[in-house]
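Geometric and topological summary
Okay, here's what each chain looks like letter by letter:
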Amino acid sequence: MTATMTDTPPPAAPKADTDARSGRSVGQILMIVAGALLLVAAVRVITGSNQLTSEGQVSAALGLAVPIGLAGLAGLWSERSGVVNIGLEGMMILGTFGAGWIGWQSNPWLGLLCGIGFGVLGGLVHAVATITFGVDHIVSGVAVNLLALGITQYLAKIFFSEGKPADAGGNPKQSPPVDSLPDISVPGLSDALQSLENHHWFLISDVAGILGGLVTNLSVVTLFAILLFVGSWWLLWRTSFGLRLRSCGENPVAAESLGVNVYKYKYAAVAVSGGLAGLGGAFLALVTSHTYLEGQTGGRGYIGLAAMIFGNWRPGGLAMGAGLFGYSDALQLRNGGETVHALLLLLVVLLAGLAGWKLYRKAHWQGGTCLIVAALVLAWYLFTDEVPSDFVGATPYVVTLLVLSLSAQRLRMPKADGMRYRKGQGK
């Protein structure tokens, strides 16, 4: 007997990651982390640059990685739903202004909420343009960046340049100082780890310095950001809501055929994206500098996008990318040319290892290029004592370019990312 339509089971929901799993196992990740730690510890001992794994270095790196990570997480939410969000920089700018403005007038907690709210508004502007009106995602994102910059500059001149704000330290380019949010340290453990670090033992002191940076003077916003990463992973990869949202970024026509309201999920994702970017901006205003400053985002929205791409549109890889960029940024801010010079030796080892892998895979041209670059970097390290200050300032951006170029071959973006979608277009 021929089955009727009602007897036929509905097709399975589209999986957002239909290709072979690109994520690594926990064991592989632990091996990579252990190998990296051993390599950095060896470089520290050889070069004598104890700042490489010091508590202060790790703490500074974490503080610099949080806004980059939040921007990257914002991009992940948006792009997993199929909306490219180049406007992260503008949404972060809105977050810095909202946090500085309300935080100065009331308290930093309300400033934090206002920063998130301003970011959500920026995200909704991008959502209306791209989802409802079908504007090109890149054009809309650039417009959001320009609009956010212009609006905040205009409002800063109105609210911070005359009267009480000016008397309290405000001017057209910055808000008056905002009260600090609380920090958290683990009593006893912080001192014990610092004591171990001061012995400068191989690996043991390195581990102590890294752990000490993670448990000393930790901002509550940093803890909140860590919870957001874990929560985003669980929500997007372990719930039906996340499956539907990711299906909108993979095949919105198939998702609509299964009853998913694609518009609703895209709007929700881009609004969350704006809120996360706004939180990253609020972190800069309330934790990093305790005031709103014009231009204080410094391109972190774009670096967050780079971290997201490095992480292959996954929270775990994104967190590692943000940590890498934050670490390189902290090096050039805290220690200058001498410590960055020590990293040249680490770069030589990595390039040599990459060259060996490429040659093993019969990619002779790429392997030879890596060997030549490794030899040039080694000569630079051997014949100099310090990296020029101009190059030191560019360290985070050089790391960004290197990481993206080396990871480009294994990346897979959502299939419908950046594509225009209209309800019913599959009929």
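Residues numbered from 1 in each chain as written. Predicted model: local features only at pLDDT ≥ 70, side-chain atom pairs only at ≥ 80, totals over all residues. Heavy atoms only, no water.

Examining empty space enclosed by the protein
Applied cut-off: Cavity and pocket criteria rest on a 1 Å grid covering protein atoms alone: a 1.4 Å probe that fits but cannot get out defines a cavity, protein on both sides within 12 Å along at least 5 of 7 lines defines an open pocket, and an atom within 4 Å of a point defines a lining residue. Grid points are joined across faces, edges and corners, and a volume is the space filled by probe spheres set on the points. Amino acid classes used here: Ala, Val, Leu, Ile, Met, Phe, Trp, Tyr, Cys and Pro are nonpolar; Asp, Glu, Lys and Arg are charged; the rest, including Gly, are polar.
Within this structure, the stated rule accounts for three cavities of 30 Å³ or more. Here the largest cavity is characterised by a volume of approximately 70 Å³. Lining the largest cavity we find Gly82, Val83, Thr130, Ile131, His137, Tyr263, Lys266, Met419, Arg420, Tyr421 and Arg422. By residue class, the composition of the lining of the largest cavity is five nonpolar, three polar and three charged.

As for the environment of Val377
Heads up, the condition is: A run of H or I in DSSP counts as a helix once it spans at least four residues, and a run of E counts as a strand once it spans at least two, with each numbered from the N terminus. Relative accessible area decides the class of each residue, using a 1.4 Å probe on protein chains only: under 20% of the type maximum gives buried, over 50% gives exposed, and in between gives partly exposed. Here, two residues are considered to be in contact whenever any of their heavy atoms come within 4.5 Å of each other.
With respect to the secondary-structure elements, Val377 resides in helix H16 (residues 364–382). Here Val377 falls in the buried class, since its relative accessible area comes to 9%. Along the sequence, Val377 and Leu346 sit 31 residues apart, while their C-alpha atoms lie 10.0 Å from each other. Contacts of Val377, omitting those with residues within four sequence positions, involve Leu344, Leu347, Val348 and Leu351.

Re the side chain of Thr152
Put simply, the rule reads: Under this definition, polar contacts are N or O atom pairs within 3.5 Å; protein pairs additionally need one hydrogen-donor-capable and one acceptor-capable atom, and for neighbouring residues in sequence, both atoms have to be side-chain atoms.
With respect to the secondary-structure elements, Thr152 resides in helix H5 (residues 137–160). Of the residues examined, Thr152 reaches a relative accessible area of 1% and is grouped as buried. Within the structure, the side chain of Thr152 is placed 3.0 Å from the backbone oxygen of Leu149, a separation counted as a polar contact.

Concerning the packing of aromatic side chains
Counted only if it meets this: Ring pairs are drawn from Phe, Tyr and Trp, using the six-membered ring of Trp, whenever the two centres fall within 6.5 Å, and their geometry is named by plane angle: stacked under 30 degrees, edge-to-face over 60, tilted for the rest.
Following the criterion strictly, the structure yields 10 aromatic pairs and no others. Taken together, a centroid distance of 6.3 Å and an interplanar angle of 35° make the contact between Phe97 and Phe118 tilted. Here Phe118 lies in helix H4 (residues 108–132) and Phe97 lies in helix H3 (residues 88–105), a separation of 21 residues in the sequence. Cluster of aromatic residues (ring-pair linked, three or more members): Phe97, Trp101, Phe118, Phe159, Phe160 and Tyr292.

A short note on the pattern of salt bridges
If charged atoms from side chains of opposite charge come close, those side chains can pair. Put simply, the test is: Any carboxyl oxygen of Asp or Glu that lies within 4 Å of a side-chain nitrogen of Lys or Arg is treated as forming a salt bridge with it.
This structure, assessed with the given rule, holds four salt bridges. A salt bridge links Asp206 to Arg44; the shortest N-O distance between them is 2.5 Å. On the criterion of sequence distance, the pair formed by Asp206 in helix H8 (residues 204–215) and Arg44 in helix H1 (residues 26–47) is long-range, its members being 162 residues apart. In this structure Arg44 comes out as buried when scored by relative accessible area, which is 3%. Taken together, the shared-partner salt bridges connect Arg80, Glu250 and Arg412 into one network.

Digging into the layout of surface pockets
Taken as a whole, the second largest pocket spans an internal volume of roughly 340 Å³. For the second largest pocket, the lining is made up of 19 residues, of which Ser59, Gly63, Asn217, Phe283 and Val287 are closest to its centre. Among the secondary structure elements, those contributing two or more residues to the lining of the second largest pocket are helix H2 (55–80), strand S2 (218–219) and helix H12 (262–288). Sorting elements by how many residues they give to the lining of the second largest pocket places H2 first, with five residues.

Details of the nonpolar core
Selection rule: Nonpolar cores were defined as sets of buried Ala, Val, Leu, Ile, Met, Phe, Trp, Tyr and Cys residues, with membership established by side-chain atoms within 4.5 Å.
Core analysis: the largest hydrophobic core is formed by 50 residues, its most contacted members being Leu73, Leu286, Leu318 and Phe325. Every element with two or more residues in this core is listed here: H2, H3, helix H9 (220–238), helix H10 (240–250), H12, helix H13 (300–310) and helix H14 (315–334). Among the elements that take part in this core, H12 stands out by supplying 11 residues, more than any other. Dropping the residues within four chain positions of it, Leu286 is found in contact with Ala99, Pro108, Gly111, Leu112, Val178 and Leu181. Judged by nonpolar contacts, the second largest core, of 16 residues, contains Leu331, Val340, Leu345 and Val348.

Here's the deal with H8
Cut-off, in case you're wondering: Every helix has an expected span of 1.5 Å times one less than the residues it contains.
Over its 12 residues, H8 runs 17 Å from end to end, which matches the ideal 16 Å to within 8%, given 1.5 Å per residue. What H8 keeps buried is the set Ser205, Asp206, Ala208, Gly209, Gly212, Gly213 and Val215. At the C-terminal side of H8, Asn217 shows a positive phi close to 50°.

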